[in-house]
Amino acid sequence: MELLWMVRPLLGYLRLYGIALQTPEMTKGARRMMLFFSTINLIYLIIAPFLMIQYSVWYSVPYSEQTFLHIIVYFGILINHASGIIEMLTTKEKQFNFWNTLLAIEKTFLKDERNKIEEANRKLKKKLTWRLCILSIFAFSCKMILIVTNRVLLLDPNWVATEVISLWAQECVRLNFFTHFIFVEILRMHVELYNEKTKDITSIARKINEKALLSELNILKIRHSLIWKLNRHLNSFFQWAQTLNCLLYFFHITNLTYWIYNGINTGKFENRECRMLVIFTLSVITLINLIYSCEMLKEATNKTLPLIHEISEQVLNPFDVDVHDAVMAISMQIHHEKIFITYGGFFNVDMTLLTTISATITTYLVIFIQFIG
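How each quantity is defined
- Residues numbered from 1 in each chain as written.
- Predicted model: local features only at pLDDT ≥ 70, side-chain atom pairs only at ≥ 80, totals over all residues.
- Heavy atoms only, no water.
- UniProt positions renumbered as here; feature names shortened; annotations may be inferred.
- Helix = DSSP H or I, 4+ residues; strand = E, 2+ residues; numbered from the N terminus.
- Contact = heavy atoms within 4.5 Å.
- Areas by Shrake-Rupley, 256 points an atom, 1.4 Å probe, with all protein chains shown as cover.
- Lys, Arg positive; Asp, Glu negative; His and termini not counted.
- Charge placed at Lys NZ, Arg CZ, Asp CG, Glu CD.
- Disulfide = S-S within 2.5 Å.
- Buried < 20%, exposed > 50% of the residue type's maximum accessible area, 1.4 Å probe, protein only.
- Patch = residues over 30% accessible without salt bridge, like charges linked within 9 Å, V, L, I, M, F, W, Y side chains within 5 Å.
- Salt bridge = Lys/Arg side-chain N within 4 Å of Asp/Glu carboxyl O.
- Expected span 1.5 Å × (residues − 1).
- Polar contact = N/O pair within 3.5 Å; in protein donor to acceptor, adjacent residues only side chain to side chain.
- Arc of directions from axis to C-beta.
- Axes fitted to C-alpha atoms, helices over the stretch in contact; angles between N-to-C directions.
- Parallel < 35°, antiparallel > 145°, perpendicular 65-115°, else oblique.
- Left-handed = near helix turned anticlockwise from the far one by under 90°.
- Nonpolar A, V, L, I, M, F, W, Y, C, P; charged D, E, K, R; others polar.
- Phe/Tyr/Trp six-rings, centres within 6.5 Å; stacked < 30°, edge-to-face > 60°.

The name given to the protein in an unreviewed UniProt entry is Gustatory receptor, with the source organism recorded as Lutzomyia longipalpis. Reading the Function (unreviewed entry) entry of the UniProt record for the protein gives the comment "Gustatory receptor which mediates acceptance or avoidance behavior, depending on its substrates." Reading the Sequence similarities (unreviewed entry) entry of the UniProt record for the protein gives the comment "Belongs to the insect chemoreceptor superfamily. Gustatory receptor (GR) family."

Participant: Please set out the overall build of the protein residue by residue, giving values where relevant.
Facilitator: Scanning the protein from N- to C-terminus turns up 12 helices and 2 strands. Taken along its principal axes, the extent of the C-alpha atoms in the protein is 80 × 55 × 30 Å. Expressed as a percentage of contacts within the protein between residues at least 6 apart in sequence, the contacts between residues at least 24 apart total 82%. Accessible area for the protein stands at about 18300 Å²; split by element, carbon and sulfur atoms hold 66% of it. Computing the positive centroid from 36 side-chain charges and the negative centroid from 30, the protein places the two 6 Å apart.

Participant: Describe the state of the cysteines, and please don't skip the residues or the numbers.
Facilitator: Scanning all chains against the criterion turns up 0 disulfides. Looking at the unpaired Cys172, the closest cysteine sulfur is the one in Cys246, lying at 15 Å. Cysteine Cys274 remains unbridged, with the sulfur of Cys142 as its closest cysteine sulfur at 13 Å. Classification of Cys274 as partly exposed rests on a relative accessible area of 37%.

Participant: Before we move on, can you summarise a nonpolar patch on the surface with the specific residues and values?
Facilitator: A cluster of nonpolar side chains, Met33, Phe36, Ile40, Ile43, Ile46, Ile47, Phe50, Leu51 and Tyr55, forms an exposed patch at the surface whose accessible area comes to about 870 Å². Positionally, Tyr55 belongs in helix H3 (residues 28-58).

Participant: Describe helix H8 (residues 210-236), with residues and values.
Facilitator: Here H8 spans 39 Å end to end across 27 residues, near enough to the 39 Å set by a 1.5 Å rise per residue. One side-chain oxygen at the N-terminal end of H8 lies 3.3 Å from the backbone nitrogen of Lys211; it belongs to Asn209.

Participant: Residue-level account of helix H2 (residues 8-15), with values.
Facilitator: Residues of H2 that are buried: Leu10, Leu11, Leu14 and Arg15. Buried residues along H2 cover an arc of 140° about the axis, so they all sit on one side.

Participant: Can you explain the packing of helix H5 (residues 92-107) against H8? Please cite residues and give values.
Facilitator: Running from N to C, H5 and H8 cross one another at 160°; their axes reach a closest spacing of 9 Å. Considered as vectors, H5 and H8 are oriented roughly antiparallel to each other. Relative to H8, H5 is oriented so that their crossing is left-handed. Residues Lys94, Asn97, Phe98, Thr101, Leu102, Ala104 and Ile105 of H5 form the contact with H8, whose own contacting residues are Arg223, Leu226, Ile227, Lys229, Leu230, His233, Leu234 and Ser236. For the contact of H5 with H8, the class distribution of residues is 8 nonpolar, 4 polar and 3 charged.

Participant: Please provide a residue-by-residue account of the packing of aromatic side chains, values included.
Facilitator: Across all of its chains, the model carries 17 aromatic pairs by this definition. For the pair Phe98 and Phe237, a centre-to-centre distance of 6.1 Å together with 85° between the ring planes defines the contact as edge-to-face. Pair noted here: Phe98 is in helix H5 and Phe237 is in the loop between H8 and helix H9 (240-266), with a separation of 139 residues, a long-range link. Like Phe98, the residue Phe237 is buried in the burial classification. Look at Phe178 and Phe181: their rings are 5.5 Å apart centre to centre, the planes differ by 35°, and that puts the pair in the tilted class.

Participant: Talk me through the side chain of Ser38; I want residue IDs and the actual numbers.
Facilitator: Structurally, the position occupied by Ser38 is in helix H3. Sequence-distant contacts of Ser38, defined by excluding residues within four places in its chain, comprise Gly18, Ala20, Ile85 and Leu89.

Participant: Could you give me a rundown of the side chain of Thr301, with the residues and numbers involved?
Facilitator: Along the polypeptide, Thr301 turns up in helix H10 (residues 271-314). Judged by relative accessible area, which is 15%, Thr301 ranks as buried.

Participant: So what about the UniProt feature "transmembrane region" (unreviewed entry) in the protein? Which residues, and what values?
Facilitator: Those places that UniProt annotates as "transmembrane region" (unreviewed entry) correspond, in this numbering, to residues 34-55, 67-86, 128-149, 237-261, 273-292 and 353-372. Taken end to end, residues 34-55 comprises 100% helix and 0% strand; its first and last C-alpha atoms sit 31 Å apart. Helix makes up 88% of residues 237-261 and strand 0%, with an end-to-end C-alpha separation of 38 Å.

Participant: An account of the environment of His324 is requested, with residue identities and associated values reported.
Facilitator: Along the chain, the position of His324 falls in helix H11 (residues 321-336). Given the relative accessible area of 42%, His324 is considered partly exposed. Separated by 13 residues in sequence, His324 and Ile311 place their C-alpha atoms 9.1 Å apart.

Participant: Talk me through the pattern of salt bridges; I want residue IDs and the actual numbers.
Facilitator: Going through the model one piece at a time under the given rule, you end up with 12 salt bridges. For Arg188, the salt bridge identified is with Glu185, shortest N-O distance 3.1 Å. On the criterion of helical spacing, the pair formed by Arg188 and Glu185 is a turn pair, its members being 3 residues apart in helix H7 (residues 157-204). Note on Arg188: relative accessible area 15%, which makes it buried. With relative accessibility at 3%, the residue Glu185 sits in the buried group. Here Lys197 makes a salt bridge to Glu216, at a shortest N to O gap of 3.0 Å. With Lys197 in helix H7 and Glu216 in helix H8, this pair connects stretches of sequence that are 19 residues apart. With respect to burial, Lys197 and Glu216 carry one shared label: buried. Taken together, the shared-partner salt bridges connect Glu113, Lys197, Glu216 and Arg223 into one network.

And the structure:
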């Protein structure tokens, strides 16, 4: 499987954080390495809460005096890190099903189409690598600047201790979103290739005979069914951890939004508010990166059905019953085999999720302003 071989370095990097991505072609050494890093991360997650509490006591700022949302966010980060490790470790077969279905899709490409899919795989690998590098460098740079600044100026030592201890888990939570982004982009690539194939068939519908056209339509039918299965497998092993991630980011962004507004409103936009503004920006960028990818997948799937119906319009004989029935069969298949990204069936991931989160945060912000001041 060419794409799996291409993205292997990315999968290896993600496994360092305990994100136990498993593939059918994993060697025993790679599996042992994955389990080793998962264990190391779980040990870190057991120790981290005690360290956070201990450092808080050293600085005479007990957690009983911290805000409730502060506790939810920082301890929620550790819980989310653990849930991501456990979910990836316990969904081995579901992950195998994804990669095996991907292989089955690649086998539906004919010899003269191999160059097209190879080029698409190379572009996807380049896109994923650059996106990971940019997001990781940006996140680490912002965090390091904030930590060093606070440590040198001794502005908020309790925050520095808490931030340093939870930094690894914070990066893992971000990478959980990026991990899902990788799989969504793979699915999106094949939906777009499917649309391109449909356009190619439409352009030659008048030039080829009925038997050849029916053969092409049969390939389209089989491929869409496999893409739909790929989507189902993807949704099956990104459920609880990602749901918790979204809830955590909702609480986190709500908390940051209130304190940023409070700083602006009182005219005391100082170190704490600047720090929160940077973290707010990181959180929003991380969330939008995945949601935008899911929205682009949704747009690509919405284009499929009209493209299918264009084939019957371009047929030389408009009364060809066999071709018409084949097109209608694919149309009904697409109607029932809907492709979308969801977390545990609780909500779909697209731009409507972003608007829902924004509207809910605004509502809570108004309530906070009215009752807290």
